[in-house]
Amino acid sequence: MNPNSERQATAQAVAPIECSAAEALALARQGAACLIDIRQPFELELKGTLPNALHVPFFLFKQHLGLNLDEEEQEILDADAPGELDMREFVGTIEQLEQRRDTPLLLVCNSGRRSLIAAHLLRGIGYPQAYSVQGGMHALLHEMA
């Protein structure tokens, strides 16, 4: 590893991985970031969708990366199994993300816990500007009120 790549790796390791709901909304409204809703479809039905957000359910994303789901995650995924159209849409969405490696990716779940894991996963596969929205959908709804 050369000194420049070591510095870059160190900078990424200490870079903040969360942003506030207010910051996320401002960046998304300006078109300066991509908002990605990682909630499951049944969660969208309960709390509503985010305008102009890509929808990539986290468990499906995690499974697509070849990572094992824990028992609870698998149960949730099985209860809402994706069809062929869902799979094609998912692959298309990932291809869209491929073109946005240098664009901030703002990940949203209900509370901010799953999105934090997803942000770490995305950073680990080469998306250095992946961020979790602190407080998730709860915080965004409060901020939009």
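How each quantity is defined
Residues numbered from 1 in each chain as written. Predicted model: local features only at pLDDT ≥ 70, side-chain atom pairs only at ≥ 80, totals over all residues. Heavy atoms only, no water. Helix = DSSP H or I, 4+ residues; strand = E, 2+ residues; numbered from the N terminus. Buried < 20%, exposed > 50% of the residue type's maximum accessible area, 1.4 Å probe, protein only. Contact = heavy atoms within 4.5 Å. Areas by Shrake-Rupley, 256 points an atom, 1.4 Å probe, with all protein chains shown as cover. Pairing = 2+ DSSP bridges. pLDDT = per-residue confidence, 0-100. 1 Å grid on protein atoms, 1.4 Å probe; cavity = no way out; pocket = protein on both sides within 12 Å on 5 of 7 lines; lining within 4 Å. Points joined across faces, edges and corners; volume = space filled by probe spheres on them. Nonpolar A, V, L, I, M, F, W, Y, C, P; charged D, E, K, R; others polar.

Novice: Can you walk me through the overall build of the protein chain in this structure?
Specialist: Along the protein chain, the regular secondary structure elements total eight helices and five strands. Along the protein chain, from the amino end to the carboxyl end, the secondary structure elements read α-β-α-β-α-β-α-α-α-β-α-β-α. For the protein chain, with 145 residues in total, the buried portion stands at 37%. By sequence separation, contacts in the protein chain at least 24 residues apart represent 67% of the contacts at least 6 residues apart. Carbon and sulfur atoms make up 52% of the accessible area of the protein chain, which amounts to about 8,400 Å² in all.

Novice: Would you take a moment to explain the sheet that holds strand β3 (residues 54-55) for this structure?
Specialist: Strand-to-strand pairing in sheets goes through backbone hydrogen bonds, with the strands running parallel or antiparallel. Taken in spatial order, the five strands of this open sheet run β1-β5-β4-β2-β3, and their pairing is parallel. Of all strands in the sheet, those with a lone pairing partner are β1 (18-19) and β3, marking the two edges. The sheet contact formed by strand β2 (residues 34-37) and strand β4 (residues 105-108) spans four bridges and is parallel. Of the residues in β4, the one forming a bridge with Cys 34 is Leu 105.

Novice: Quick question: what am I supposed to make of the confidence of the model for the protein chain here?
Specialist: Detail in the predicted coordinates should be disregarded across regions flagged by low pLDDT. Across the protein chain, the average pLDDT comes to 79, with 74% of residues at 70 or higher. Mean pLDDT values for the elements of the protein chain range from 50 in helix α1 (residues 3-14) up to 97 in β1. Low confidence marks residues 1-5, where pLDDT is under 50. Its contacts with residues over four positions away, or in another chain, come to one contact. For residues 7-12, every residue scores under 50 in pLDDT, and the model assigns this stretch two contacts once sequence neighbours within four places are set aside.

Novice: Explain the side chain of Ser 132 here, please?
Specialist: Tracing the sequence through the fold places Ser 132 in strand β5 (residues 130-133). Apart from the residues lying within four places of it in its own chain, the contact partners of Ser 132 are Ile 17, Glu 18, Cys 19, Leu 107, Gly 112, Ser 115, Leu 116 and Ala 119.

Novice: What exactly am I supposed to notice about the layout of surface pockets here?
Specialist: Over the atoms rolls a probe the size of a water molecule, and in doing so it shows where empty space is left. Space inside the largest pocket adds up to approximately 270 Å³. Lining the largest pocket are 15 residues, and of these Phe 59, Glu 72, Glu 73, Arg 113 and Arg 114 lie nearest its centre. For the lining of the largest pocket, the class distribution of residues is six nonpolar, three polar and six charged.

Novice: Help me out: how do you make sense of the pairing of β4 in this one?
Specialist: In summary, the side chains of a regular strand alternate between the two faces of the sheet. Of the two faces of β4, the one lined by Leu 105 and Leu 107 and the one lined by Leu 106 and Val 108 are each fully buried. Inspection of the sheet shows β4 paired to β5 by three bridges, in the parallel sense. Paired with Leu 105 across the strands is Ala 130, a residue of β5.

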